[in-house]
Amino acid sequence: MNVPDVLRNRDFNLYWAGVVLSQIGTRGTVAANFYQVYQLTDSIAYTGLVGAAQALALLVLSPLGGALADRVDRRRLLQTAQAVALLVAAALAWLTLTDRAQAWHVVLSVVLTTAAATFDQPARQALIPALVPKRQIAQAIALLNPSRELAILVGPLMAGVLIAVAGPGLMYVVDAASYGLLVAVLAVLRTPALQASAKRRSVFGSIVEGARYIGHRPLIYNLMALDLSATVFSAYRVLLPALAVDVLHVGATGYGVLSAAPSAGALLATYSVFRTVQRSQRQGRVLLVSTALYGVAALLLAHSPVFVLAVLAAGLLGAFDAMATTIRHAAVQIDTPDELRGRVTAFYQMSSRGGPAIGDVVVGAFAGLVGPVVALTVGAFGPIVVAGSFWWRENVVRSYSGVVPAEEVDDHAAGPTPEVPADEQVDDHPARSTPEVPAPQPATESG
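Residues numbered from 1 in each chain as written. Predicted model: local features only at pLDDT ≥ 70, side-chain atom pairs only at ≥ 80, totals over all residues. Heavy atoms only, no water.

1. Topic: the overall build of the protein
Counting its regular elements, the protein contains 16 helices and zero strands. In the protein, of all internal contacts separated by at least 6 residues, the share reaching a separation of at least 24 is 87%. (Helix = DSSP H or I, 4+ residues; strand = E, 2+ residues; numbered from the N terminus. Contact = heavy atoms within 4.5 Å.)

2. Let's talk about the side chain of Ser 259
Within the secondary structure, Ser 259 sits in helix 10 (residues 251-268). Exposure remark for Ser 259: the relative accessible area of 11% places this residue in the buried category. If we skip the residues at most four places from it in the chain, Ser 259 touches Pro 156 and Leu 240. (Buried < 20%, exposed > 50% of the residue type's maximum accessible area, 1.4 Å probe, protein only.)

3. Focus: unusual backbone geometry
Residue Asp 42 is not a glycine yet carries a positive backbone phi of 55°. When its relative accessible area of 61% is taken as the criterion, Asp 42 is described as exposed. The backbone of Asp 99 shows a phi angle near 60°, a positive value even though the residue is not glycine. Counting through the fold element by element, Asp 99 comes out in the loop between helix 3 (74-97) and helix 4 (103-131).

4. Details of the nonpolar core
If you look at the biggest cluster of nonpolar residues, it comprises 50 residues, and the most contacted ones within it are Tyr 15, Leu 223 and Val 397. With nine residues, the single largest contributor to this core is helix 13 (residues 307-334). Beyond its immediate sequence surroundings of up to four residues, Leu 223 is in contact with Leu 287, Arg 328, Ala 331, Val 332, Tyr 348 and Val 397. Core analysis: the next-biggest nonpolar cluster, separate from the first, contains 48 residues, Tyr 35, Tyr 172, Tyr 294 and Ala 367 among them. (Core = buried A, V, L, I, M, F, W, Y, C linked by side-chain atoms within 4.5 Å.)

5. Some thoughts on the packing of aromatic side chains
What the rule picks out here adds up to one aromatic pair. Against the face of Trp 391 rests Arg 285, its NZ or CZ located 5.4 Å from the ring centre. (Phe/Tyr/Trp six-rings, centres within 6.5 Å; stacked < 30°, edge-to-face > 60°. Lys NZ or Arg CZ within 6 Å of the ring centre and 35° of its normal.)

6. Topic: empty space enclosed by the protein
Tallying each qualifying case throughout the model produces three cavities of 30 Å³ or more. Computed from the structure, the second largest cavity encloses a volume of approximately 50 Å³. Put simply, the parts of the chain that give the lining of the second largest cavity at least two residues each are helix 8 (218-233), helix 12 (283-302) and helix 13. Taken together, the residues of the lining of the second largest cavity sort by class into three nonpolar, two polar and three charged. (1 Å grid on protein atoms, 1.4 Å probe; cavity = no way out; pocket = protein on both sides within 12 Å on 5 of 7 lines; lining within 4 Å. Points joined across faces, edges and corners; volume = space filled by probe spheres on them. Nonpolar A, V, L, I, M, F, W, Y, C, P; charged D, E, K, R; others polar.)

7. Considering the pattern of salt bridges
A full pass over the atoms with the stated rule returns four salt bridges. Between Arg 328 and Asp 227 there is a salt bridge, and its shortest N-O distance comes to 3.3 Å. Here Arg 328 is found in helix 13, whereas its partner Asp 227 is found in helix 8, with 101 residues between them in sequence. Its relative accessible area of 4% is what places Arg 328 among the buried residues. (Salt bridge = Lys/Arg side-chain N within 4 Å of Asp/Glu carboxyl O.)

8. So, the packing of helix 7 (residues 203-215) against helix 14 (residues 341-352)
Here helix 7 crosses helix 14 at 70°, and the two axes come no closer than 9 Å. Taken together, helix 7 and helix 14 sit at an angle that is classed as roughly perpendicular. As for how helix 7 packs across helix 14, the hand of that crossing is right-handed. Residues Ser 206, Ile 207, Glu 209, Gly 210, Ala 211, Tyr 213 and Ile 214 of helix 7 lie in contact with helix 14, whose contacting residues are Arg 343, Val 344 and Phe 347. (Axes fitted to C-alpha atoms, helices over the stretch in contact; angles between N-to-C directions. Parallel < 35°, antiparallel > 145°, perpendicular 65-115°, else oblique. Left-handed = near helix turned anticlockwise from the far one by under 90°.)

9. Regarding the packing of helix 14 against helix 15 (residues 354-370)
Between helix 14 and helix 15, whose axes approach to 3 Å, the crossing angle comes to 30°. It follows from the interaxial angle that helix 14 and helix 15 lie roughly parallel. From helix 14, Gln 349, Met 350, Ser 351 and Ser 352 reach across to helix 15, where they touch Gly 354, Gly 355 and Pro 356. Residues belonging to the contact of helix 14 with helix 15 are distributed by class as follows: two nonpolar, five polar and no charged.

10. Overview of the environment of Ala 380
Looking at the secondary structure, you find Ala 380 in helix 16 (residues 372-391). Of the residues examined, Ala 380 reaches a relative accessible area of 0% and is grouped as buried. With 82 residues separating them in the primary sequence, Ala 380 and Ala 298 have C-alpha atoms 5.5 Å apart.

11. Overview of the confidence of the model for the protein
In the predicted model, the protein carries a mean pLDDT of 77, and 81% of its residues have values of at least 70. Scored below 50 in pLDDT, residues 410-447 shows 70 contacts in the model against residues more than four places distant or in partner chains. (pLDDT = per-residue confidence, 0-100.)

12. Quick look at helix 3
Taking 1.5 Å per residue, 24 residues should reach 34 Å; helix 3 reaches 35 Å between its end C-alpha atoms and fits that length. Of the residues one or two after helix 3, Asp 99 is the one with positive phi, at around 60°. (Expected span 1.5 Å × (residues − 1).)

As structure tokens, then:
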């Protein structure tokens, strides 16, 4: 049996395992947050405030998180963010287990946890190219995404069971423990030193530099637009409590199964996703088809008359999302130099993670007026229409191949470079200095 090259990397394997463990707790807590707020308020619109809290923290703090990820030790930054999230989870667990929790406590915990994640996610994504050679980045992301989906599968299922047995508080205890595990894993990783060229500028200046880079990369900003079309318009997760309780009448356990179904679909699609990023040279077309089918699956979920069909539809949502997400994330990482990777990742995070949060607010408020079925039906057409607009004319997204040019392949034959203390790093290395922001691409490339 041939083992993928990326799995021969000790540090990547440790990191992979730690991320899965942390994500199990995180995703279970997200499901518990939605359920607890809905249980406390009996309001879909109020439940949407969970998404509003995430959006607020993401949009305000993401650029700062990206700037720090390009200025300080990314591994230490990730550890600190995880430790803060651990404390928040522990506090919410105490409030819930002592019957003192109110809806605003849950929303505040989401604000604080997401604030920590805005520093966590840029460092987490930017750390991947430091652990594997460039030619293995797509493989690494193709493995990390289904691993994340495994966590999303286990987390909501665990949340459903724990909520049914002892309420949301026990889920928050598990979440706190999972954060502690990733902090421990990060302590033993070996990562190369960051050539922190961003230190030459002010924090604001480095943020502007990252934004300017994206502004001159049509592939990146068009991928962000495509991502938003799916996550904002087809924000289904805020509707799952209402669909499970009021439409399908399956209660907390059924809600856990329905929440986990997208991850099951993503896991079942893992082999196809991995083969696609390895071999296909038409990844842009695959991305557009997957995005459109994501909208079709959302329509099926909205109109599923029975629980089994709803679970199937949710599984298809996960499968198509896994394919599209893997291609988008790999393209952004490959198209960005290491000196700018934290900042570019942070801005991209504002669409990939901020989009679902904004969608929770918009779709939740809309559902409060017209009901969950109509709200999801209308929203499902968003990704279908946007993907179609990219498909019918030549543009940088449709023509994206996913192939790394031969001159950019970095074999890392000797493994990661030992980390250098910050006070011994130099900024004037001519081969690793921050490149000039490229000139704007021709207008024909801007999908």
